[in-house]
Amino acid sequence: MNILELHPTIPRQRRQIETFLQANGLRYDDVDYYAALVDESSDEMIAGGGLKGCVIKCVAVADGHKGEAVANVIVSHLLAKANEDGYQCVKLYTKPHNRQLFESLSFRLIAEAPNAILMETGVGGIEKWSYELRVTNDELRIRSDELRIKSDELGVANDELRIKSVRKPIGAIVMNANPFTLGHRFLVEQSSELVERLYVVVVREDCSMFSYSERKAMVIQGVRDIGNVVVVDGSDYAVSAATFPTYFLKQISDATDTQITLDLDIYRRRIAPALGATIRFFGSEPTDPLTRRYNELMHQQLGEDHVHEIQRKQQDGSPISASRVRKAMLEGRLWDAIQMVPPTTIPYIIGHLASMALQAELDTTPKPGLVDRNDNGAHRDMDYALMHRSIQALHPYFVRLAQIGFDNPQPRHDEIQQVGIEAEQAMFNATGGVNTHKGALFSIGLAAVALGGMACSNNAQLHSLSNSIASLASLFPDTSGTHGSKAKANNKLKGALDNAREGYPQLFKAWLPFYLDRLAKGDRYALHKTLLRIMCDLDDTNIVYRTSMETMQEVQTEARRMLEHIPETTHFEAALLAMNTDYIRRNISPGGSADMLSLVVFLSNVVRKQ
């Protein structure tokens, strides 16, 4: 028997996997790797199994071979592959009647539901995480007992203090906090008053807008003033719609209750005992059906004595939720978003809006001479994937820059500069030394600091933002040795620093209003046309450095003609494609205009409201 790899991304091999699974009563589920055990004499596929990260999926054995221990062969192969990929602990979901089979292969039960069980094998795993939680709780309990002993030694006679010294229960909240809102804060505040110690477990699973590290940091910062609250590490054991496979369930409709039951069983078996928690707090859910069902099953499976439901905090007649915050962010409504979060969350929102603006520019397709989803434009050293990695590398530094502005109405120049230097190095590390976003880092970085300061003072005036950017830019010395500085010196042009020192007057007077007008009219080419509008005006030193002053002036003329004469039909996109072909041939890249487009998108968040 041979083990062959089948590639799910190849349609013919994907159909082969699906056909095999269907013949054995299973459905295909998303995998990165699939192994098939094939009979050499007949080329018959007699067993198969797949991997998605550290999770084994879609294991099946053909009829007539179920007693031949071929499952052992395929599972052993998948374990070796997972170990080779760096996973020391491997999980699998399967039907309950398969438990004995996988226990014989050294898998341990983690959680069970009527239609599914979750098992794992390998080093560490849930036992290690449970132990770490238990150690944390033991240390805090010892500290608490020491304080009680000291109180008794001091001979405290006051009845009120003696009543306070009576041990209350320990509570827990499990939250995603994507992002941490005033609703989360309210839930923690209310719960903390009812317990001696409240643990907040942040879901580790990274399929949210905000990463796990960001979400945990937001929670820690958002509750640090509440003395009896402890934020602990989440685990990789959250069972959600994003991670729970349904390939072995008879009915897809069973999936929701099954994944919730498994998740609650993990809490009941592992999390609550490790933390010593006897009560779990959660917010009421008047709108989302999935969360409401989770709450219903929490009452049923944990028991009424072990759950406490708290009415959600309201704002403008509606419950505050992370989904409302994310919706406001995606719609570019910064001021609506920050009304629903504590101050500690605001820099994270600003940082995400900065990264989203860069991504919006990158995704704008087609663009003349610039990297987009179609091609690399006039660039030989950049492509879409590289630019995307660059944005991801810069993201945490935009958060830090916004934090600097939020924390200090007059931020120190050296602190801003140091974060900028670190961000630039992170960009180069991610791109192999290619300068993908140095100009955008400067312009959007300054704006992030300024916007952080505005959010702190709740000042949404555009002229204040322009003045703040100008003030911050004035502290930066003239640059030398850059492409832009060379083009500027030879042609008496304004460079990126000059425009920032003036507070970007063209942006606020012309480009931003133009973009907002196109959005209001529902123009699907709003970003493309704003780019052309910027190209009409901007002294784009990137074009001059790569070509000449005369070419830049031709670009300005052509962009103006495009806006004035190309109708709003498919001819517009055809004209952009033709311009891109021409710019590639002539090595023209309006990179400075692309940076300004990102800045326009970022700053549009200040004025857009519900």
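Look above for the structure.
Predicted, not measured: the structure shown is a model, and the values here were computed from it. (Residues numbered from 1 in each chain as written. Predicted model: local features only at pLDDT ≥ 70, side-chain atom pairs only at ≥ 80, totals over all residues. Heavy atoms only, no water.)

Visitor: Run through the overall build of the protein, naming residues and quoting values.
Guide: Scanning the protein from terminus to terminus reveals 24 helices and 14 strands. Its C-alpha atoms give the protein principal-axis dimensions of roughly 85 × 75 × 45 Å. By residue count, 52% of the 610 residues in the protein fall in the buried class. Entry remark: accessible area of the protein is about 28000 Å², with carbon and sulfur atoms responsible for 50%. Taking the average location of the 66 positive side-chain charges in the protein and that of its 75 negative ones, the two points are 3 Å from each other. (Helix = DSSP H or I, 4+ residues; strand = E, 2+ residues; numbered from the N terminus. Buried < 20%, exposed > 50% of the residue type's maximum accessible area, 1.4 Å probe, protein only. Areas by Shrake-Rupley, 256 points an atom, 1.4 Å probe, with all protein chains shown as cover. Lys, Arg positive; Asp, Glu negative; His and termini not counted. Charge placed at Lys NZ, Arg CZ, Asp CG, Glu CD.)

Visitor: Can you break down the pairing of strand β4 (residues 55–61) residue by residue, with the values?
Guide: The element β4 is largely enclosed, with a buried count of seven among its seven residues. For strand β3 (residues 45–52) and β4, the ladder comprises five bridges, and the chain directions are antiparallel. By the bridge assignment, Gly48 is partnered in β4 with Ala60. Hairpin geometry of β3 and β4 is characterised by an intervening segment of two residues between the two adjacent antiparallel strands and by a positive phi of about 65° at Gly53. Pairing of β4 with strand β5 (residues 89–94), which is carried by two bridges, proceeds in the parallel orientation. The residue bridging Val55 from the neighbouring strand is Lys91, located in β5. (Pairing = 2+ DSSP bridges.)

Visitor: If you had to explain the packing of helix α15 (residues 438–457) against helix α16 (residues 462–473) to someone new, which residues and values would you point to?
Guide: α16 packs onto α15 with a crossing angle of 130° between their chain directions and a minimal axis gap of 9 Å. As the angle between them shows, α15 and α16 are arranged oblique. The handedness of the crossing between α15 and α16 is right-handed. Between α15 and α16, the residues in contact are Leu446, Ala447, Val449, Ala450, Leu451 and Met454 and Leu465, Ser468, Ile469, Leu472 and Ala473, respectively. In the contact of α15 with α16, the residues fall into 10 nonpolar, one polar and no charged. (Axes fitted to C-alpha atoms, helices over the stretch in contact; angles between N-to-C directions. Parallel < 35°, antiparallel > 145°, perpendicular 65-115°, else oblique. Left-handed = near helix turned anticlockwise from the far one by under 90°. Contact = heavy atoms within 4.5 Å. Nonpolar A, V, L, I, M, F, W, Y, C, P; charged D, E, K, R; others polar.)

Visitor: An account of the sheet that holds strand β10 (residues 229–232) is needed here, citing residue identities and associated values.
Guide: If you walk across this open sheet you meet the five strands as β10-β9-β8-β11-β12, and the pairing is parallel. Looking at the sheet topology across the chains shown, the edges are occupied by β10 and β12 (307–310). Within the sheet, the average angular offset between the axes of one strand and its neighbour, ignoring direction, is 25°. Bridge count for strand β9 (residues 197–202) against β10 is four bridges, and the pairing is parallel. Note on β10: the bridge partner recorded for Val200 is Val231. Each of β8 (170–175), β9, β10, β11 (279–283) and β12 is contacted by helix α6 (residues 182–192), which is oriented at about 170° to β8, the strand it contacts most.

Visitor: Tell me about the environment of Ile279, residues and numbers included.
Guide: On the secondary structure map, Ile279 appears in strand β11. For Ile279, a relative accessible area of 15% translates into the label buried. Residues Ile279 and Ser191, 88 residues apart in the sequence, show an inter-C-alpha distance of 9.8 Å. Each residue touching Ile279, except ones within four places of it in the same chain, is listed here: Ile170, Gly171, Ala172, Val195, Tyr267, His306, Val307 and His308.

Visitor: How would you summarise the pattern of salt bridges if you had to cite specific residues and measurements?
Guide: A complete count under the given rule lists 38 salt bridges for this structure. The partner of Arg269 in a salt bridge is Asp265, with the nearest N and O atoms 2.6 Å apart. In this pair, Arg269 and Asp265 are both assigned in helix α8 (residues 255–275), four residues apart and thus about one turn of the helix distant. Judged by relative accessible area, which is 5%, Asp265 ranks as buried. For Asp363, the salt bridge identified is with Arg373, shortest N-O distance 3.1 Å. (Salt bridge = Lys/Arg side-chain N within 4 Å of Asp/Glu carboxyl O.)

Visitor: Tell me about the environment of Leu563, and name the residues and values.
Guide: You can see Leu563 is positioned in helix α22 (residues 549–565). Look at Leu563 and you get partly exposed, because its relative accessible area is 26%. The spatial distance from the C-alpha of Leu563 to the C-alpha of Leu532 is 7.1 Å, given a sequence separation of 31 residues.

Visitor: Any chance you could break down the nonpolar core for me, citing the residues and the numbers?
Guide: The biggest cluster of nonpolar side chains holds 116 residues, and the ones touching the most others in it are Val188, Ile349, Ile350, Leu465, Leu507, Leu599 and Phe602. Ignoring sequence-local partners within four residues, the contact set of Leu507 consists of Leu512, Pro513, Met596, Leu599, Val600 and Leu603. (Core = buried A, V, L, I, M, F, W, Y, C linked by side-chain atoms within 4.5 Å.)

Visitor: Tell me about the packing of helix α12 (residues 346–363) against α15, and name the residues and values.
Guide: Two elements in contact, α12 and α15, have axes separated by 10 Å at closest approach and are oriented at 150°. Looking at the two axes, α12 sits roughly antiparallel to α15. In this structure, the crossing between α12 and α15 has a hand that is right-handed. Where α12 abuts α15, its residues Ile346, Ile350, Ala354 and Leu358 lie against Ala440, Ile444, Ala448, Leu451, Gly452 and Ala455. Partitioning the contact of α12 with α15 into residue classes produces nine nonpolar, one polar and no charged.

Visitor: Break down unusual backbone geometry for me, citing the residues and quoting the values.
Guide: In this chain, Asn178 is followed by Pro179 through a cis amide linkage whose omega measures 5°. When you line up the elements, Pro179 lands in the loop between β8 and α6. Cis rather than trans, the peptide bond between Thr365 and Pro366 has omega equal to 0°. Here Pro366 shows up in the loop between α12 and α13 (384–407). Although it is not a glycine, Asp316 adopts a positive phi angle of roughly 55°.

Visitor: How would you sum up the environment of Glu424? Please name residues and give values.
Guide: With respect to the element layout, Glu424 can be found in helix α14 (residues 413–431). With 12 residues separating them along the chain, Glu424 and Thr436 place their C-alpha atoms 9.8 Å apart. The contacts of Glu424, once residues within four sequence positions are left out, are Lys438 and Leu441.

Visitor: Explain the sheet that holds β4 residue by residue, including any values.
Guide: In space, the seven strands of this open sheet follow the order β1-β2-β3-β4-β5-β7-β6, with mixed pairing throughout. Strands with a single pairing partner mark the edges of an open sheet, and in this sheet they are β1 (2–6) and β6 (108–113). On average, each strand axis in the sheet is tilted by 25° relative to the strand beside it, whichever way the strands run. Sheet analysis places β5 next to strand β7 (residues 116–122), joined by six bridges and oriented antiparallel. Looking across to β7, one finds that Leu92 is bridged to Met119.

Visitor: Kindly report on the packing of aromatic side chains, identifying the contributing residues and their values.
Guide: For the coordinates displayed, the defined rule picks out three aromatic pairs. Their ring planes at 90° and their centres at 5.4 Å tell us that Phe442 and Phe476 sit as a pair that is edge-to-face. Pair noted here: Phe442 is in helix α15 and Phe476 is in the loop between α16 and α17 (483–491), with a separation of 34 residues, a long-range link. Classification of Phe476 as buried rests on a relative accessible area of 13%. In this arrangement the basic side chain of Lys81 is found over the ring face of Tyr33, its NZ or CZ atom lying 5.0 Å from the centre. (Phe/Tyr/Trp six-rings, centres within 6.5 Å; stacked < 30°, edge-to-face > 60°. Lys NZ or Arg CZ within 6 Å of the ring centre and 35° of its normal.)

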